[in-house]
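Notes for the structure review
Residues per chain, in single letters:
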Amino acid sequence: MSQALNAEAGWQYEQYTPGFADYWDDLVGWETRLAREGAFYNRLVGAHGAKKVIDLATGTGVNAVSLAKAGFDVTAVDGSENMLIKARENAEKYGVKFADSRAVDWLELDQVMGTEQYDAAVCLGNSFTHLFDHEDRRTALLAMYRVLRPGGMLIIDQRNYDDMLDNGYSSKHTYCYTGEGVDVGPAELHRTMARFQYVFADGATFQLKMYPLRQDYLTHLLEDAGFINVERYGDLQKPYYRNDVDFIQQVAYRP
Ligand code: SAM
């Protein structure tokens with residue numbers, strides 16, 4: 001089965017069709033991924049004294065479920081209802097309950113969530129790079145800022161696009177967040193487009209389009225939205241060598 005997804009005309013979360021949502025858990029590789037990063041995020045959020053956490057890109061729930069299992073009060077949102085359906089099923093499977101879960105576009109996050117404010121917000125799994133427009137990124141970050149309480153923390157991660165653009169794609173696969181038997185690589189890669197292809201063991205093929213966000217640009221955007229004290233990690237560690245990590249994590253605070 002081959003399913004080239006064309007999201008050119010629609011919002012990026014429309015790429016997550018029910019078919020892709022079904023495959024996503026294999027792609028994500030929950031167990032290995034949580035073994036590697038679950039404790040890091042739980043510790044980071046916990047050390048900040050957070051209780052109320054919003055997962056802004058819940059997907060099928062890998063981080064939201066892990067945070068809920070760790071005892072945080074988790075609100076799970078995502079632009080894709082297809083993904084949220086899976087996330088709710090996964091929450092039940094792992095014996096946790098979300099405080100709330102709903103389909104929300106980041107661009108309308110603050111309007112939809114009203115006066116609700118959170119101690120921490122996470123936007124993980126390379127999700128923020130689904131936005132292709134500079135002004136949309138600014139609007140989304142401003143909305144994320146507004147749903148945080150003063151002193152609240154935002155964590156965003158992304159692939160190391162700087163390295164891919166400057167030196168070509170070569171994942172060490174130690175921090176690639178895919179499960180077993182999934183072959184992933186860029187089908188198109190240049191300054192304005194990173195189109196990734198995922199080939200599953202049964203031959204199912206999907207593509208996702210992402211914007212190759214540079215890390216300095218994201219830091220700038222975070223500061224532009226009003227966030228302060230932006231800290232960066234490379235593959236969950238700091239300091240890190242810019243060209244020697246697969247993923248970058250940025251942690252920012254609302255003053
Ligand atoms: N965090 C999950 C994980 O790591 O498995 C999901 C990551 S998936 C790459 C990206 C998610 O971001 C998708 O579930 C998609 O629906 C969501 N997304 C993309 N653009 C969005 C937007 N503008 N508003 C809300 N969610 C969006």
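Report follows, based on the coordinates. Treat the numbers as computed from the prediction; the structure is a model and nothing was measured.

1. With respect to the packing of helix H2 (residues 30–47) against helix H3 (residues 62–69)
Two elements in contact, H2 and H3, have axes whose closest approach is 10 Å; the angle formed by their N-to-C orientations is 55 degrees. Taken together, H2 and H3 sit at an angle that is classed as oblique. For the pair H2 and H3, the sense of crossing is right-handed. From H2, Trp30, Arg33, Leu34, Glu37, Gly38, Tyr41, Asn42 and Val45 reach across to H3, where they touch Val62, Asn63, Val65, Ser66 and Leu67.

2. A short note on the nonpolar core
Within the largest apolar cluster, 49 residues are counted, with the highest numbers of intra-cluster contacts made by Leu56, Phe128, Leu141, Met144 and Leu154. Top contributing element to this core by residue count: helix H6 (residues 134–146), with five residues. Once residues within four sequence positions are removed from consideration, phenylalanine 128 is found in contact with Trp106, Cys123, Arg137, Ala140, Leu141, Met144, Ile156, Leu213 and Leu218.

3. Quick notes on the side chain of aspartate 105
Summarising the element assignment, aspartate 105 is placed in the loop between strand S4 (100–103) and helix H5 (109–113). Although aspartate 105 is buried, it forms no salt bridge, and the closest oppositely charged side chain is arginine 137 at an N-O distance of 12 Å.

4. Looking at the pattern of salt bridges
Throughout the structure, instances matching the rule amount to 15 salt bridges. A salt bridge links aspartate 166 to arginine 214; its shortest N-O distance comes to 2.9 Å. Of this pair, aspartate 166 sits in helix H7 (residues 161–167) while arginine 214 sits in the loop between strand S9 (205–210) and helix H8 (215–224), and the two are 48 residues apart along the sequence. For aspartate 166, a relative accessible area of 47% gives the class partly exposed. Arginine 214 sits in the partly exposed class, given a relative accessible area of 30%. When salt bridges with common partners are traced through the structure, they connect Asp162, Asp166, Arg214, Asp216, Arg232 and Arg242 into a single cluster.

Cut-offs and rules
Residues numbered from 1 in each chain as written. Predicted model: local features only at pLDDT ≥ 70, side-chain atom pairs only at ≥ 80, totals over all residues. Heavy atoms only, no water. Axes fitted to C-alpha atoms, helices over the stretch in contact; angles between N-to-C directions. Helix = DSSP H or I, 4+ residues; strand = E, 2+ residues; numbered from the N terminus. Parallel < 35°, antiparallel > 145°, perpendicular 65-115°, else oblique. Left-handed = near helix turned anticlockwise from the far one by under 90°. Contact = heavy atoms within 4.5 Å. Core = buried A, V, L, I, M, F, W, Y, C linked by side-chain atoms within 4.5 Å. Buried < 20%, exposed > 50% of the residue type's maximum accessible area, 1.4 Å probe, protein only. Lys, Arg positive; Asp, Glu negative; His and termini not counted. Salt bridge = Lys/Arg side-chain N within 4 Å of Asp/Glu carboxyl O.

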